[in-house]
Each structure stands twice: as structure tokens, then as C-alpha cells.
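Architecture at a glance
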Amino acid sequence: MAQSANDRRRINGPEESFPPVFDDDDEDTQLKTQRSRAPGDIRPIFLQPGLISQANGSAYIETEKTKIACAVYGPRQSKTTTYSEKGRLNVEVKFTPFSCTRRRAPMRLKDAEDRSIGVSIHQAIVSSIRLELFPKSTIDVFITIIENDGIEGCIASGSLAASTALADAGIEMLGLVASCSAAIFGDDIRLDPSEAEARASDGTVILACMPALDSITSIWQSGQMSANLSLKCMRQCHERCIDIHSIVAQSLLEHRKID
Amino acid sequence: MTSISKAEKAYIQSSLLSDPPLRADGRGLIDFRTIALESGIAPIANGSARVSIGRNVQDGGGGTEVVAAAKLEVESIGDGEGVDGGRVVCSVSCSPTAYPLLSPNALDDLQHDMTSVLNATLSHPTIRPKNLGILPGRKSWLLNLDVIVFSDAGNIFDAIFMAARAALWDTKVPKTKSVQYRAKKDDRSDATQAMDIDVDEVTYAGSALDTRQTIEVADFELPDYWDEGEPLDGKQTWPVCLTLNLLPTLHFLDATLQEEASVPLKLLVFYTFPSDATPLLRGMRLLGTGVSDLVQVKSLLKDGEKYARNVWAALEGKLKDEDLRRNQKARERFLNR
């Protein structure tokens, strides 16, 4: 018996459906890739810790069209029986069905895209947590993407939200992780690209670092560019990450003051 | 992933950090194990290759073994997921024999991770080959590149990308001819009349000088040809991967499983060396629980480019040899039999 795609708890629409095509979809991609801010400017970040009271720590991040909620549960006992001397970090990412232009089925369990974002965020934050203090324990980070403006934006904002939520949960860390993405157009570098910009670009770079320790935790570069351009891009991202770090620290301090 | 004891990890790390650096099989820090490559191993696929790193000379076993095969299929643009000009989709599947200690779920996750690295690099729009279109706006080729990992003895990403490059180099795209179906204008009463097939030229029932009607190509056919088609475009654009395993003060290449487990961080760099232009960095990934910094990354990129250039040159020489062996020499042997 083939596994039915019908979810009995929901009203299932027709099996095949397509999103409506609007007139302005045909508008010039030039218009979409033009930006109203300078190439070195990132979009303003709204970061609020303590959103989900049930979780040990949580954070909500919003930058223009990217909205991500993150909840941290832990350190709690590992479900597996294998002994691990260091704690385990488990990052799970889920897209809400209404987050992308094409609806994503809510029951899709092992989606490749979900997992690749989870792996990138894991890579970005794992070296910042003092896992050796939590043997036999797991720290679960659940990231829900409420609105999605490009994978690069999701990974960068998701890493920020995860780091803030971990700090909100009081888990010991070596430093806060700040993350920034960039898109390359020929020889120009544009920080914090939107989805249309990233798709029209020659390549993208996502950098995650700990500005407090001046160390890089994750680099993901794809597309084509010379090695020098890629280094220049990383340096710009790194400088921007120092600013983002102060935003994260500020929001955590303000949240504590209110309590 | 290999589990390794703390004592063994410390042993491997201290021998690498000693002066001179020592490795278990006596190699230098930047020496590769023997790499064997064979192309055209799957005759049904449009292009295929098999790469093995570190195979035992005596019995041909052991080592990392990877098979890559490219298969073309037609997809429609608009209704389907096709893109004008064709696209490339990659996937990696790990045979359970390669990782006997992993549960099926963990194996699934490992496959996903390798697939996403391969896809992010090879399916990027900037690397798309130019001869994958069939009918502009209607039909195009979808190139499925499937990589199977049969055994993993370390340095799996280098092997996967070498096999992918070799398979894509070997791929031949079948020639297509656009075709338009047209009913005979005169005998409309006779419905059993066969339709005329006009191939690339249009014979009007009316005047041949009638240029008011534009030709709308509606379908295509595969003409009978003696070879399998034209080689896939972009032989100079498929990148080679280099895995640099990092310790805080040094880096080394082509790690065995134990060495990989003892090292907290590795950097994957993907380089292409087009013959007349500067080398292009097609991708970069930092993997592992360690940290790096900009200074280290800068020097690693420079060293990585040097090593990747050697791998590229060696691979290209071998691929040209393979081309010769399978085509020219085979013909000579056939003629002289």
C-alpha cells in the first residue's frame, strides 16, 4: 500500500496545485535586484530573546523579510543509551508551510533543504558551546522559519537566533556567534542579499564567527569567484559581524533588565 | 564515523606535530595515496567513472571507492521543473557496506550531507553546461549525476568530486533534431492519410515564398547516429575538491579514517583552473568542531590552490589518456585484429 499523502487531520486540497502567477512577476529582475541600501549595509535586525516561555531559552529574529523563531531545550538527558563524554548539540530546522512562495507540505519529515540548513547552523554554533561540561546530555535547538527570504538569509539569521537563545537559556558558551551573508556580482560585494539578489548573483558567502575571540566557526561559499575576492568578501562579513555582535549583546542585556 | 580513543587521537596528533611529521603509512603531509581512475565503466549511462584512493596493490581491495554515473533525461520547461538550457542534479548514496557501523537513519543523514555539498557546488547556475537544451522554452535535458560510495577509507569528498568530474568529462549528450508535424493541406476529407513529417525544412502546400507563417517547433527526435552524441560542454568548469585537514599549526591532505577522526577541523576547497584565465574558487566549506581565523584561511586558500592545481593537472592527463584508450586505441586494435 503506497503511503498516502493525505493527512487526515487536515482538509487536503487537490493533489497537484500551483501558486498563482501575478502580472508583476514578469517585471524586470533588474528591479528586484536593485537595492535601496548601500552594498555594505545589512538590513536592520530585530532580535528579541525570551519569546517562548516553555523553553529553557528562546529568541525571535526578524530582518525585513526573514522571520525566524528559535527555542532551546537543554541540557537534558540524552535519549540514546550510548555514553558520550561531551554533550550533544542537536539542531532541527522546520519551514512553516506558508514561509515560501510554493507551499511546503507540513508532514514532510526528512527534507534535504531543512537538513542542510540545520547542518550549517550546527557548524556555526557548536564550537561556541562548552559541551565538555554536559556529559550524557543533549541540547536541542529547534528553529522554525516563519518567513523565508533566501537560504543564505535563513542560515545567517538562524545562527544569530540560535546563539541568542542559547545565551538566554544560560548555557555556558565561549562567545556569541554572529553570522553574515554576502552575494557577489562580478567584482561587487553586496552584504545581506535578498532571495532575488542571491539567485541573480555569481556566488554567495555565508560567514559565522565569534567576534569576541576573533575566530571563524563556519564558512560556506558557493558559486564562482577568485580566491582574492572571496577573502575580501569574508573580511567585509567579519567586520559586519562585529557590529551584529553588539546588537545581540544589547538585546540580551535589555531583556535581562526588564525581568 | 570512526570512533577513536583519546590515547590514539593524542598519538596521531603528536606524531603529526613532531619534527619531522610522521604518518602511519610513512607519507608526507601533502602526499596522496595511489589514485586509480577508470571511465566508461557503466555503458548504459551517458557518462561514468570509478575512482579509488589507496587501493592495495596486491589484491585490489581496501581504500576509498566511488562510482559516479551521469544519466540524461528529458523534462519539460513550464509544466515540469525544467529550466531553459537544462540543469544538473546530483545525488550521493552510500552503500551500507561502506559504513557498516552506522544505523540506517545515520546513513541517510550522511547521504543527505554529501548530496548537499555536491549539489551546492555542481548544480550552481553559473556552472551549467551550454548544450543541455533541446527545444528552447519547451524541453531540455536533465542531467542526473548519481554517485555511489562503495567503501570509505578516508578522504571521501576528494574521491566523490574526482569521480563526478571524470563522469561529466565522459558524458555524451545525444544529438536531437527538431521536428514539426504538419497535416497535408489538400486531402482533409481522408482522415486516414498519414501525417507528413517535415524535418527542419518546411514544405508548404502553397507557395514556398510564403513567409507569413512562423515555424513553431513542437517536438524533437533522436536521429540515428554512429556515436553516442557530442561531449558535454564545460570540461574546464567542473571543479576538483581538496580536503585540508587542519591542526592549529599545520595542515595535511588525504587523511585516513583514523587521521580524520583525530583532527577537529577540515576545510574543503573547490577549484577550477580554466586554461586561459585565473583559477576560480567554486566553493569552500569549513567542517568540524574546531575554529579558524581569517589569517589561517588566507594561507590555506593559497596552499590549497597549489595542491588543487597538481590534482587538476594529473586528473586532466589521466582523463585524456582514458579518452585515447577508449576511442583511438580501441579502433586501432579492432583494425589490426
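Residues numbered from 1 in each chain as written. Chains lettered and ligands numbered in written order. Predicted model: local features only at pLDDT ≥ 70, side-chain atom pairs only at ≥ 80, totals over all residues. Heavy atoms only, no water.

Brief notes about the sheet that holds strand 4 (residues 88-95) of chain A
For sheets, the rule is that strands pair by backbone hydrogen bonds, running either parallel or antiparallel. All names here are of chain A. Put simply, the rule is: For two strands to count as paired, DSSP must find a minimum of two bridges between them. In this description a helix means any DSSP run of H or I spanning at least four residues, a strand means any run of E spanning at least two, and both kinds are numbered starting from the N terminus. Every angle, taken between N-to-C directions, lies between 0 and 180 degrees, and every axis is a line fitted to C-alpha atoms, over only the stretch in contact when it is a helix. Whether two residues are in contact is decided by their heavy atoms, any of which lying within 4.5 Å being enough.
Taken together, five strands build an open sheet; the order of strands is 1-2-3-5-4 and the sheet is mixed. Sheet topology places strand 1 (46-49) and strand 4 at the edges, where each strand pairs with a single neighbour. Looking at each pair of strands side by side, their axes are set apart by 15 degrees on average, direction ignored. Relative to strand 3 (residues 66-77), strand 2 (residues 57-63) runs antiparallel, the two sharing seven bridges. If you follow Ser58 over to strand 3, its bridge partner there is Ala71. Packing against the sheet, helix 2 (residues 112-125) makes contact with strand 4 and strand 5 (137-147), and its axis sits at approximately 140 degrees to strand 4.

A closer look at the pairing of strand 2 (residues 47-53) of chain B
Residues and elements named next belong to chain B. Quick note on the threshold: Burial classification: accessible surface area is computed with a 1.4 Å probe over protein chains only, and a residue below 20% of its type maximum counts as buried, one above 50% as exposed, and the rest as partly exposed.
With respect to burial, strand 2 is a largely interior element, six of its seven residues being buried. Relative to strand 2, strand 1 (residues 35-39) runs antiparallel, the two sharing five bridges. Bridge pairing in strand 2 links Ala36 to Ser52. Note: strand 2 against strand 3 (residues 64-76), seven bridges, orientation antiparallel. In the sheet register, Gly47 faces strand 3, and the bridge partner there is Ala70.

Comments concerning the side chain of Thr256(B)
Residue and element names in this part refer to chain B. Along the chain, Thr256 turns up in the loop between strand 13 (251-252) and helix 4 (257-262). What makes Thr256 buried here is its relative accessible area of 18%. Other than its neighbours up to four places away in sequence, Thr256 contacts Asp25, Arg27, Arg33, Ala153 and Gly154.

Description of the nonpolar core
What counts, and what does not: Among buried residues, those of type Ala, Val, Leu, Ile, Met, Phe, Trp, Tyr and Cys that are joined through side-chain atoms within 4.5 Å constitute a nonpolar core.
In this structure, Ile143(A), Met234(A), Met114(B), Leu122(B), Leu145(B) and Val149(B) are the most contacted members of the largest nonpolar core, which totals 133 residues. By residue number, the principal contributor to this core is helix 3 (residues 156-170) of chain B, which donates twelve residues. When sequence neighbours within four positions are dropped, the list of residues in contact with Met234(A) reads Val205(A), Leu207(A), Ile219(A), Met284(B), Leu294(B), Val297(B) and Leu301(B). Counting residues in each nonpolar core, the second largest holds eight residues, with Ile12(B), Leu29(B), Ala255(B) and Val263(B) among its members.

Description of the sheet that holds strand 9 (residues 215-225) of chain A
Across the sheet, which stays open at both edges, the eight strands sit in the order 7(A)-6(A)-8(A)-9(A)-15(B)-14(B)-12(B)-13(B) with antiparallel pairing between neighbours. Unpaired on one side and paired on the other, strand 7 (188-191) of chain A together with strand 13 of chain B mark the two borders of the sheet. As judged from the eight bridges shared by strand 14 (residues 265-272) of chain B and strand 15 (residues 280-288) of chain B, these two strands associate in the antiparallel manner. Each bridged residue has a counterpart across the sheet, and for Lys266(B) the counterpart in strand 15 of chain B is Leu287(B). Seen against the sheet, helix 3 of chain B touches strand 12 (240-246), strand 14 and strand 15 of chain B and runs at an angle of roughly 175 degrees to strand 12 of chain B.

As for the packing of helix 3 of chain B against helix 5 (residues 294-335) of chain B
Residues and elements named next belong to chain B. Put simply, the test is: Angles below 35 degrees are treated as roughly parallel, those above 145 as roughly antiparallel, those between 65 and 115 as roughly perpendicular, and all remaining angles as oblique. If you view the pair so one helix is near and one far, a crossing is left-handed when the near helix is turned anticlockwise from the far one by less than a right angle, and right-handed when it is turned clockwise.
It is the contact of helix 3 with helix 5, at a shortest axis distance of 11 Å, that shows an interaxial angle of 40 degrees. Judged by the angle between their axes, helix 3 and helix 5 are oblique. The hand of the helix 3/helix 5 crossing is right-handed. Only Trp312, Leu315, Glu316, Leu319, Lys320, Asp323 and Arg326 of helix 5 make contact with helix 3, whose side of the interface consists of Met162, Arg165, Ala166, Trp169 and Asp170.

Overview of the pairing of strand 14 of chain B
Residues and elements named next belong to chain B. For strand 14, a buried count of eight out of eight residues is recorded, marking the element as mostly surrounded by other parts of the structure. Side chains Leu265, Leu267, Val269 and Tyr271 of strand 14 all project onto a buried face; the interleaved residues Lys266, Leu268, Phe270 and Thr272 project onto the opposite face, where all are buried too. Of the pairings in the sheet, the one linking strand 12 to strand 14 comprises seven bridges and is antiparallel in character. Across the sheet, residue Leu246 finds its bridge partner in strand 14, namely Leu265.

A closer look at the pattern of salt bridges
Note the following rule: A pair is scored as a salt bridge if a Lys or Arg side-chain nitrogen falls within 4 Å of a carboxyl oxygen belonging to Asp or Glu.
All chains considered together, the criterion is met by 27 salt bridges over all chains. A salt bridge links Asp168(A) to Arg256(A), with the shortest nitrogen-to-oxygen separation between them at 3.8 Å. Residue Asp168(A) is located in helix 3 (residues 151-168), and its partner Arg256(A) is located in helix 5 (residues 227-258); the two are separated by 88 residues in the primary sequence. For Asp168(A), a relative accessible area of 12% translates into the label buried. Connected through salt bridges with shared partners, the residues Asp25(B), Arg27(B), Arg33(B) and Asp254(B) form a single ionic network.

As for empty space enclosed by the protein
Residues and elements named next belong to chain A. In plain terms, the rule: Note on definitions: the grid is 1 Å and covers protein atoms alone; a cavity is a set of points where a 1.4 Å probe fits but cannot get out; a pocket is an open set with protein on both sides within 12 Å along at least five of seven lines; lining residues have an atom within 4 Å of a point. Grid points are joined across faces, edges and corners, and a volume is the space filled by probe spheres set on the points.
One pass over the full model with this rule turns up four cavities of 30 Å³ or more. Its volume calculated, the largest cavity comes out at about 110 Å³. Taken together, 13 residues line the largest cavity, and the ones lying closest to its centre are Ile45, Ala156, Ser157, Ser179 and Asp192. Elements supplying a minimum of two residues to the lining of the largest cavity: helix 3 and strand 6 (178-185).

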